[in-house]
Amino acid sequence: MSPSSAKTISGSPRQARSIGVSASSFLADTASSPECRDPWILGDIQQEAYSPRRRRRSAYRLPLHIEADPLITAKMFFLKEETKIISLHPSYFGPNMRDYLVDRLNEEEEGRCTGDHFVICVMDMVEIGEGRVIPSNGNAEYTIKYRAIIWKPFRGETVDAVVTSVKPTGIFTLAGPLSVFIARKNIPSDIKWEPNTVPPQYTDHADQVIEKGTSLRLKILGVKPDVAAINAIGTIKEDYLGPL
């Protein structure tokens, strides 16, 4: 597909369907087109194309092979360009100043939560601007543009997590840096709270035991962004979810 035709259909999968373009080729061409440089745009297009509500409509039936499309499995992770201002003390001015800026950027950004997403890894530097000396203290400020792999959890995603604590009200877990709480109503009815065991646990008195340190597969029901954290609620009350 030529760039001009990709530009024509870069609005939505509905437009792609109207001119007879398959969903997989539409997403591939849209992802590579100049109009789709923002990863959030691609994420929105993927969610629209592959949402269960849209797949139920007979007018937009996706081929079975699209289920294994890597665009689906990678939609929680994005390559995003971000900007960071770093202040440098005059004692670090010299030939190794660039290396120090890179080290500072990696130290301050990797693992950071913006309240909207987690910065997983700094990939490379796009541009390091010229330093601007601050008259009050002599420090220099550098504006750095860089590309990073970020993780933005979405509602409806299935993730693996580790139980950090179990309470009568539910289960607290960590899926990487994301804190996920599973309320008691979102736990299968056959898995009961057993406070008298050591340690306390949820169990069905058979092969399913949920206690501190247990690995769980859960589904995210909702995400709540905060200033410097992201919290979520989840469920294991569906098929193929629960202890691993």
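Residues numbered from 1 in each chain as written. Predicted model: local features only at pLDDT ≥ 70, side-chain atom pairs only at ≥ 80, totals over all residues. Heavy atoms only, no water.

Chemist: Outline the overall build of the protein, supporting the account with residue identities and numerical values.
Modeler: Secondary structure assignment for the protein yields seven helices and 13 strands. Counting every position in the protein, which comprises 244 residues, the buried fraction comes to 38%. Summarising the internal contacts of the protein: among those between residues at least 6 apart in sequence, 59% fall at separations of at least 24. As displayed, the protein offers around 13900 Å² of accessible surface, 53% of which is attributable to carbon and sulfur atoms. (Helix = DSSP H or I, 4+ residues; strand = E, 2+ residues; numbered from the N terminus. Buried < 20%, exposed > 50% of the residue type's maximum accessible area, 1.4 Å probe, protein only. Contact = heavy atoms within 4.5 Å. Areas by Shrake-Rupley, 256 points an atom, 1.4 Å probe, with all protein chains shown as cover.)

Chemist: Mind laying out the pairing of strand 5 (residues 158-167), listing which residues take part and the relevant values?
Modeler: Here five bridges tie strand 5 to strand 11 (residues 215-225), and the two strands are oriented antiparallel to one another. The partner of V159 across the bridge, within strand 11, is L218. Pairing of strand 5 with strand 6 (residues 170-175) involves five bridges; the strand directions are antiparallel. What sits directly across from V162, in strand 6, is L174. Taken together, strand 5 and the strand that follows it, strand 6, pair antiparallel across an intervening segment of two residues. (Pairing = 2+ DSSP bridges.)

Chemist: Outline the pattern of salt bridges, supporting the account with residue identities and numerical values.
Modeler: For the coordinates displayed, the defined rule picks out 10 salt bridges. Note that R112 is salt-bridged to E109, the shortest N-O span being 2.7 Å. On the basis of relative accessible area, E109 is assigned to the buried category, the value being 1%. When salt bridges with common partners are traced through the structure, they connect E82, K84, R104, E108, E109 and R112 into a single cluster. (Salt bridge = Lys/Arg side-chain N within 4 Å of Asp/Glu carboxyl O.)

Chemist: Go over the nonpolar core with me, naming the residues and quoting the values.
Modeler: Residues I171, L178, Y202, I210 and L218 are the most contacted members of the largest nonpolar core, which totals 25 residues. Of all elements in the fold, only strand 5, strand 6, strand 7 (178-183), strand 11 and strand 12 (230-235) reach the threshold of two or more residues within this core. Sort the elements by how many residues they give to this core and strand 5 lands first, with four residues. Residue contributions to this core reach at least three from each of two domains, namely domain 1 (77-151) and domain 2 (157-243). (Core = buried A, V, L, I, M, F, W, Y, C linked by side-chain atoms within 4.5 Å. Domains from an automatic or database assignment.)

Chemist: Talk me through the sheet that holds strand 8 (residues 192-194); I want residue IDs and the actual numbers.
Modeler: Reading across the sheet, the three strands line up as 8-9-10 and stay open at both edges, with antiparallel pairing between neighbours. Among the strands making up the open sheet, the edge pair consists of strand 8 and strand 10 (209-210). Of the pairings in the sheet, the one linking strand 8 to strand 9 (residues 201-203) comprises three bridges and is antiparallel in character. The residue bridging E194 from the neighbouring strand is Q201, located in strand 9.

Chemist: Now, about the packing of aromatic side chains: what can you tell me, with residues and values included?
Modeler: In this structure the tally under the stated criterion is six aromatic pairs. Geometrically, the ring pair formed by F77 and W151 is stacked, given 6.2 Å between the ring centres and 20° between the ring planes. Of the two residues, F77 is situated in strand 1 (residues 77-88) and W151 in strand 4 (residues 140-151); the sequence distance between them amounts to 74 residues. Ring geometry for F78 and F154: centres 6.2 Å apart, planes at 70°, overall edge-to-face. (Phe/Tyr/Trp six-rings, centres within 6.5 Å; stacked < 30°, edge-to-face > 60°.)

Chemist: Before we move on, can you summarise the environment of K84 with the specific residues and values?
Modeler: Here K84 lies in strand 1. Through-space distance from the C-alpha of K84 to that of Y146 is 8.0 Å; in sequence the pair is 62 residues apart. Those residues within four positions of K84 in sequence are excluded, and the remaining contacts are L105, E108, E109, Y142, T143, I144 and Y146. Side chain to side chain, K84 and E109 meet in a polar contact 3.4 Å long. (Polar contact = N/O pair within 3.5 Å; in protein donor to acceptor, adjacent residues only side chain to side chain.)

Chemist: Which residues make up unusual backbone geometry, and what values do they have?
Modeler: V198 connects to P199 through a cis peptide bond whose omega is -5°. Following the sequence through the fold, P199 ends up in the loop between strand 8 and strand 9. At H205, a residue that is not glycine, the phi angle is positive and equals roughly 60°. Structurally, the position occupied by H205 is in the loop between strand 9 and strand 10.

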